[in-house]
Amino acid sequence: MANFLGYFSNDIGIDLGTANTLVYVKDKGIVLREPSVVALDTSTRKVRAVGDEAKRMLGRTPGNITAIRPMKDGVIADFDVTEAMLRYFIGKVSTSFRAPPRVVIAIPSGITAVEKRAVMDSATHAGARKVITIPEPMAAAIGVGLPIDEPAANMIVDIGGGTTEIAVISLNGIVFSKSIRVAGDELDMAITNYMKRAYNLLIGERTAEEIKLRVGSAYPLEEELTMEVKGRDSVAGLPKTIHVTSQEVREALADTVAAIVDAVRVTLERCPPELSADLVDRGFVMAGGGALIRGIDKLLSEKTGLPVTVSEDPLSAVANGTGAVLNDLSWLMQNM
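Note that this is a predicted model, so its numbers are computed, not measured.

Q: Kindly report on the pairing of strand β5 (residues 47–50), identifying the contributing residues and their values.
A: The two faces of the sheet receive side chains in turn, since in a regular strand these alternate between them. Inspection of the sheet shows strand β4 (residues 38–41) paired to β5 by three bridges, in the antiparallel sense. Looking across to β5, one finds that A39 is bridged to A49. Adjacent in sequence and paired antiparallel, β4 and β5 are bridged by five residues, among which R45 carries a positive phi angle near 60°.

Below you can see the structure in the form of structure tokens.
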């Protein structure tokens, strides 16, 4: 086992997210955390910027440059651009490696074989010597420290940018999982649509995300919040400023949050009785950026009757899980 672990000494784990990509280097931890955004020259398709620099261009680019997100709903929407993005990220963290790295990459549990192959091919073309995949909910469960090897139920709800991954895990295996393409991006879109419908205000992706982070909630707050929002009046075509409350944003998010709640309930309904009994006491753990929405843990606890815990660092859960697999390959050896 020691030789096998040494074989993977310079390798990396990747959480290739719809919104953000995190890279874990063995023995160093998470060394890169950047948006999954690429800025392209529209005429030549040449990459002009990747990650943080590209995200700053979203909605602000001149006509010959477009900032795009090559991942959609947890899967590759643009193969070539995803490959360029991965090449940039892998190159950035592996400058001191003696050989091309092997990569453990987390993928949504609900993707097709073709979509899985696209992720593996993209990472291989980007410079990985070997690509090994791990289901995202499994990586998240490992990353938050759930005892997945025990003969008892461990349930994880991972709300990312493009997908919400829900799984019941026991004895190192997924007993039942559900993946829905409703997550952070859908929440942002719900806010955008609400602003247009209620105030004739047009806002961009970045503004919608900022509203979600600053005043978004899924459960009534003890003290409601307000925020100034700037955009363009869709009728007059002029800049416009309004004030929005957390209560309004909660109303805007209600349908999308309800879809996540329904997916959690479906997972619980499909859980074997013996494991359901474990969950009564254990409850489940939340990970992913969506876990940071105010009160979503309270809402899910109320709707399911189970204790709900938000992990300590939900944004890093999947990346930490891929790193844990690199550091202890007993699970990986069984799944290669």
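Q: Explain the confidence of the model for the protein chain residue by residue, including any values.
A: Averaged over every residue, the pLDDT of the protein chain is 91; the share at 70 or more is 95%. Ranking the elements of the protein chain by mean pLDDT puts helix α1 (residues 2–7) last, at 40, and strand β17 (residues 284–287) first, at 98. Here residues 1–8 is a poorly scored stretch, pLDDT under 50, and it has 19 contacts once near neighbours within four places are set aside; other chains count.

Q: Can you break down helix α6 (residues 184–199) residue by residue, with the values?
A: In an α-helix, one full turn covers 3.6 residues, which means residues spaced three or four apart are oriented alike. With 16 residues, α6 extends 22 Å between its outermost C-alpha atoms, agreeing within 8% with the 22 Å of an ideal straight helix rising 1.5 Å per residue. Regarding α6, the residues found buried are G184, L187, D188, A190, I191, T192, Y194 and M195. Looking at the buried side of α6, the elements it contacts are β14 (201–202), α7 (205–215), β16 (239–245) and α8 (246–269). Within two residues after α6, N200 carries a phi angle of roughly 50°, on the positive side.

Q: Requested: an account of the packing of helix α3 (residues 79–93) against helix α4 (residues 113–125), with residues and values cited.
A: In a packed pair of helices, the relevant descriptors are the angle between the two axes and the axis-to-axis distance. Viewed as axis vectors pointing N to C, α3 and α4 meet at an angle of 50°, and their least axial separation amounts to 8 Å. With respect to each other, α3 and α4 are oriented oblique. Crossing geometry of α3 relative to α4 is assigned as right-handed. Across the interface between the two elements, F79, T82, E83, L86, R87 and I90 of α3 pack against A118, D121, S122, A123 and H125 of α4. Considering only residue class, the contact of α3 with α4 consists of five nonpolar, three polar and three charged.

Q: Before we move on, could you go through the environment of I111 and cite the residues and values that matter?
A: Within the element layout of this structure, I111 appears in the loop between β9 (102–107) and α4. Residue classification places I111 among the buried positions, given a relative accessible area of 15%. Taking the C-alpha atoms as reference points, I111 and A140, separated by 29 residues in sequence, lie 17 Å from one another. Ignoring any residue separated from it by four or fewer positions in sequence, one finds I111 in contact with V75, K116 and R181.

Q: Outline the sheet that holds strand β6 (residues 65–68), supporting the account with residue identities and numerical values.
A: The strand order β5-β4-β6 describes an open sheet built from three strands, whose pairing is antiparallel. Pairing within the sheet leaves two strands with one partner each, and these edge strands are β5 and β6. Averaged over all pairs of adjacent strands, the angle between strand axes in this sheet comes to 20°, irrespective of strand direction. Lying on the sheet, α3 is in contact with β4, β5 and β6; it crosses β5 at an angle near 55°.

Q: Any chance you could break down the sheet that holds strand β3 (residues 29–35) for me, citing the residues and the numbers?
A: The sheet built from five strands is open, its strands ordered β3-β2-β1-β9-β10 with mixed pairing. A strand with exactly one partner marks an edge of an open sheet, and here the two such strands are β3 and β10 (130–135). Strand-to-strand twist across the sheet, computed as the mean angle between neighbouring axes with direction ignored, equals 20°. In this structure, β9 lies alongside β10, joined through six bridges in parallel fashion. Looking across to β10, one finds that R102 is bridged to K130. Most of the contacts of helix α11 (residues 317–327) go to strand β2 (residues 20–25), to which it runs at about 25°, and overall it touches β1 (12–16), β2, β3, β9 and β10.

Q: Tell me about the packing of α6 against α8, and name the residues and values.
A: Between α6 and α8, whose axes approach to 9 Å, the crossing angle comes to 130°. As far as their axial angle goes, α8 and α6 are oblique. In this structure, α6 meets α8 at a crossing whose hand is right-handed. In contact with E186, L187, A190, I191, Y194 and Y199 of α6, α8 contributes E248, V249, E251, A252, L253, T256 and V257.

Q: Give a detailed account of the nonpolar core, specifying residues and quantitative values.
A: Residues M155, M195, I211, F284 and M286 are the most contacted members of the largest nonpolar core, which totals 45 residues. Among the elements that line this core, the one with the most residues is α8, at nine residues. Apart from the residues lying within four places of it in its own chain, the contact partners of M195 are N200, L201, I203, I211, I242 and V244. The next biggest cluster of nonpolar side chains, apart from the first, holds 30 residues, and it includes L16, V119, A123 and V131.

Q: Could you give me a rundown of unusual backbone geometry, with the residues and numbers involved?
A: Although it is not a glycine, D27 sits at a positive phi angle of roughly 75°. A positive phi angle, close to 65°, is found at N172, a residue other than glycine. Assignment of secondary structure puts N172 in the loop between β12 (164–170) and β13 (173–180).

Rules behind the numbers
Residues numbered from 1 in each chain as written. Predicted model: local features only at pLDDT ≥ 70, side-chain atom pairs only at ≥ 80, totals over all residues. Heavy atoms only, no water. Pairing = 2+ DSSP bridges. Helix = DSSP H or I, 4+ residues; strand = E, 2+ residues; numbered from the N terminus. pLDDT = per-residue confidence, 0-100. Contact = heavy atoms within 4.5 Å. Expected span 1.5 Å × (residues − 1). Buried < 20%, exposed > 50% of the residue type's maximum accessible area, 1.4 Å probe, protein only. Axes fitted to C-alpha atoms, helices over the stretch in contact; angles between N-to-C directions. Parallel < 35°, antiparallel > 145°, perpendicular 65-115°, else oblique. Left-handed = near helix turned anticlockwise from the far one by under 90°. Nonpolar A, V, L, I, M, F, W, Y, C, P; charged D, E, K, R; others polar. Core = buried A, V, L, I, M, F, W, Y, C linked by side-chain atoms within 4.5 Å.

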